[in-house]
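Residues per chain, in single letters:
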Amino acid sequence: MAKYKTKGLDCWERAKELRIRYYEDYAEAHDRAALRWEGGAWSFDAIPQALEGKVHVLTEEPYGASVGADPRLQVKYQEAAEGKWGCARDLCAYMRNYWGGIVLDEYAFGGKWPRADFIFQNQICCSHSKWLQVADEIYGGTIPYFCFDVGAGPYDRIGERQINYVVEQLYDGIEFLEKVTGRKVVDEKLIQNVQNTYRSACYWAKTCELNQAVPAPLDEKTMFSLYVLGTLEKSNKEIADFYEKELYPEVKDRVANNIAAVAGEQCRMLGDSQPPWGFLRIFRYLETYGVVSIASLYTFSLIGWFELDENGNVVPYPTLEEQGITIKDRDHALRLLAEGELKGKLMWAPFYGAKYKNELVTKIAKQWKCDAAILHLNRGCEGTAQHQMEMKIALQEIGLPVMTFEGNMADEREFDEARAKRLMDLFLTETLGLKKIAD
Amino acid sequence: MIVGGIDVGGKNVHVVIMKDGEMLAKGDSPTGIQKAEAAERLYDEVLEQASLKRADVERVVATGSASKRAAFAQGMIPDAAADARGVIRLISSARTIIDVGAEEGRAIKASPEGKVLDFAINEKCAAGTGTFVEAMARALEISVEDMARISLESTRSIPMNAQCAVFGESEVVSLIHAKTEKRDIARAVHDAIAGRIASVARIVGLEKDVVVIGGMARNVGFVESLRKEIGMDVVVPDDPDFVGALGAAAAATAGVLEEEVEAKVVEKEKYEEGKA
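Just so you know, these numbers come straight off a predicted model, no measurement behind them. (Residues numbered from 1 in each chain as written. Chains lettered and ligands numbered in written order. Predicted model: local features only at pLDDT ≥ 70, side-chain atom pairs only at ≥ 80, totals over all residues.)

K.L.:
For this particular structure, what's the right way to read the overall build of chain A?
P.N.:
Looking only at helices and strands, one finds 17 helices and 12 strands in chain A. The C-alpha atoms of chain A give a radius of gyration of 21 Å, which matches the 22 Å a tight globule of 439 residues would have. Overall size of chain A, expressed as C-alpha extent along the three principal axes, is 65 × 55 × 40 Å. Counting all 439 residues of chain A, 53% fall into the buried class. Contacts in chain A between residues at least 24 apart in sequence constitute 79% of all its contacts with a sequence separation of at least 6. (Helix = DSSP H or I, 4+ residues; strand = E, 2+ residues; numbered from the N terminus. Rg over C-alpha atoms; globule rule 2.2 N^0.38 Å. Buried ≥ 20, exposed ≤ 12 C-beta atoms within 10 Å, placed from the backbone. Contact = placed C-beta atoms within 7 Å.)

If you want it as structure tokens, here you go:
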């Protein structure tokens, strides 16, 4: 008999609809005299989206992940990229997928590759800073390109100097946008977009916090499909509304009514890094043992903003309302945007050392009541895979059993599903002493 | 109680039949491509050796990378779990187990009860496995046994840096062309595998006693290289390649006992219900 009651999310279809419309809007933008731009999931979309008129964005990583979810498509695109440059396999797998689409002039959501009018990118890892520069070279080097650096320091070292460093570049970015598009950045839109960014980032964090409940209201496999909206366009009003007014209240209601993501929850798992997108069924396999992956630094803070409270606990970053802030003008909006991203995106901290990742991940494991961890040693993303083995030791030192498996988030040639399942069987039955509760 | 354990590996099948914890019979044969047939055939041969029929065996548990091919087994156990149970049964002081088979090398941190506390496996690379040694022996045109023996006579340490079996073979060919002594090349191969597997073992932590099992544990050259690499003595049990099957048989015994306990609990519950 099921241990807990369960049901699907009521807002699930809405999330799917928003995602599909986003990719269609981008493809059709020019038919509606709208601008198209490419950037990263972390590239402060609030600013280009504040240009006059309609503007649509294509963020590179979620696109690479969408391709990664289709093993047939990913091999085709990767081989296209490899055929052109002989890309090394340790390059970002999302990036190779993305480049392959451009090389073949194919858009994974139908039709020819929709060329961007400009590129607005930020630098947090070497792949991000070069990704769209190379993409532009495939086009012939004709797309205006702007890149700003957000490598100002980890969340606990952010002060005025670091915020100024980023804000000054954002002013340059606005100048660039106005020059290459001939359109103005509208302050009212910018202020609204920053407010929406805060709503998306803070309410996703609040939703993740709700997963501390036992049983967990959300499983990580579902969360992957939910956080993606924030990687597409977190400054978008509909997306911010989704996080604040649909997802968060519904998950809160699930907690209040003891509705589990997985009816047989008996072991709460911590994850890490992007999953092997073409093989998300491994999460369903875990569920046959009553294992639910419920938390990870990556899934939480890819878009979610968090901070450490006075007790050192990981808690959601406060919304503008909670901080009692009303945005006054352009400068105020840019400063708040930079501050939220630099202080709240804990996901960036591991780029500054293993110490940060170990500290944050062990806190999450304790606060979210994880029983064990399964870490995906992700060959497809050097950024998120860094420090993973040190993290394993840190987790073991707090008494958490840890299993690792090698794979790749978006290159199926580097993931051995049968072997990964064998390792899971071993870990779950022998190390954790679990038995299968379903086939 | 008579139970069986079968280890269907990438290269060989091993079967053991136990009666009340004592070995009745054992056997091994190449797995080949027809793994299911190989498993069936060897199982029947070992039963015959023990003058038993299938019906005499209360439970059979399979392990190994092709354990699913042993369709006649009533249960399966992951290979590292079988290793841990098998080793602890033979050497109760074992805490680190290094198993190098034909296609995989792994390290296991075991509890005194034979529970797997942690494990690490060499991923997607043949250069740390028995298959690699066989390929290198072919390149040297000697048997694996001779390769093991002559490597102990070497006094030279030659580093092999290749991270995969294919490039490893290229290095060996280069050494042959450079007229390097076979014994030195043999040692270089064993040192390379030992280095690879030692780094896997360091992930789980090396704690005494370190026990080496799997087909490669029969290779004295490799075992010596491993001793040097980890700077610790290692223990090699008799028949180190049968340990997985032995662990599976131990699991079969435990499974039978568990079922007996469960049946008694059900009986007792029924009895209590009847009384009420």
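K.L.:
Explain the overall build of chain B here, please?
P.N.:
Per the secondary structure count, chain B includes eight helices and 10 strands. Considering chain B as a whole, with its 276 residues, one finds that 48% of them fall into the buried category. When contacts within chain B are restricted to residue pairs at least 6 apart in sequence, long-range pairs at least 24 apart make up 70% of them.

K.L.:
Would you mind going over the environment of Gln-266 of chain A with me for this structure?
P.N.:
Residue and element names in this part refer to chain A. Topologically, Gln-266 is positioned in the loop between strand S6 (259–260) and strand S7 (267–270). Of the residues examined, Gln-266 has 16 C-beta atoms within 10 Å and is grouped as partly exposed. Here the alpha-carbon distance between Gln-266 and Ser-225, two residues 41 residues apart in the chain, equals 23 Å.

K.L.:
Looking at this structure, how should I read the packing of helix H3 (residues 71–85) of chain A against helix H4 (residues 93–104) of chain A?
P.N.:
Two measures define how a pair of helices packs: the angle their axes make with one another and the distance between the axes. Residue and element names in this part refer to chain A. Two numbers describe how H3 lies on H4: the axes approach to 7 Å, and their chain directions differ by 75°. By the angle between their directions, the pair H3 and H4 is classed as roughly perpendicular. Residues Gln-74, Lys-76, Tyr-77, Gln-78, Ala-80, Ala-81 and Lys-84 of H3 form the contact with H4, whose participating residues are Arg-96, Asn-97, Trp-99, Gly-100, Gly-101, Val-103 and Leu-104. Taken together, the residues that form the contact of H3 with H4 break down as six nonpolar, five polar and three charged. (Axes fitted to C-alpha atoms, helices over the stretch in contact; angles between N-to-C directions. Parallel < 35°, antiparallel > 145°, perpendicular 65-115°, else oblique. Nonpolar A, V, L, I, M, F, W, Y, C, P; charged D, E, K, R; others polar.)

K.L.:
Where do I start with the sheet that holds strand S1 (residues 2–8) of chain B in this structure?
P.N.:
Within a sheet, each strand pairs with its neighbour through backbone hydrogen bonds, oriented either parallel or antiparallel. Residues and elements named next belong to chain B. Read across the open sheet, the five strands follow the order S3-S2-S1-S4-S5; overall the sheet is mixed. On the outer flanks of this sheet lie strand S3 (22–30) and strand S5 (75–76), each paired with one strand and no other. Here strand S2 (residues 12–19) pairs with S3 via eight bridges, running antiparallel. Within S3, the position partnered with His-14 by the bridge is Asp-28. Most of the contacts of helix H1 (residues 35–49) go to S3, to which it runs at about 145°, and overall it touches S1, S2 and S3. (Pairing = 2+ DSSP bridges.)

K.L.:
It is not clear to me how the environment of Ala-186 of chain B should be interpreted in this structure. Could you clarify?
P.N.:
Residue and element names in this part refer to chain B. The residue Ala-186 is located in helix H6 (residues 182–204) in this model. Look at Ala-186 and you get buried, because 29 C-beta atoms sit within 10 Å. Taking the C-alpha atoms as reference points, Ala-186 and Met-1, separated by 185 residues in sequence, lie 46 Å from one another. In contact with Ala-186, other than residues within four places in its own chain, are Leu-140, Met-147, Ile-150, Ser-151, Ser-154 and Gly-221.

K.L.:
When you look at the packing of helix H3 (residues 130–140) of chain B against H6 of chain B in this model, what are you seeing that I'm missing?
P.N.:
Residues and elements named next belong to chain B. Interhelical geometry of H3 versus H6 gives an angle of 165° and a closest axis separation of 11 Å. Overall, the two elements H3 and H6 adopt an arrangement that is roughly antiparallel. The handedness of the crossing between H3 and H6 comes out as right-handed. Between H3, through Phe-132, Val-133, Met-136 and Leu-140, and H6, the contact on the second element is made entirely by Lys-182, Ile-185, Ala-186, Val-189 and Ile-193. (Left-handed = near helix turned anticlockwise from the far one by under 90°.)

K.L.:
How should I be thinking about the interface of chain B and chain A in this particular structure?
P.N.:
Bring the parts together and some accessible area is lost; that lost area is often taken as the interface size. Taken residue by residue, the interface counts nine residues in chain B and eight residues in chain A. Sorting the residues of the side of chain B that touches chain A by element identifies helix H2 (79–90) and strand S8 (116–121) of chain B as the ones contributing at least two each. Broken down by element, the residue count for the side of chain B that touches chain A peaks at three residues, all from S8 of chain B. A class-by-class count of the residues in the side of chain B that touches chain A yields six nonpolar, no polar and three charged.

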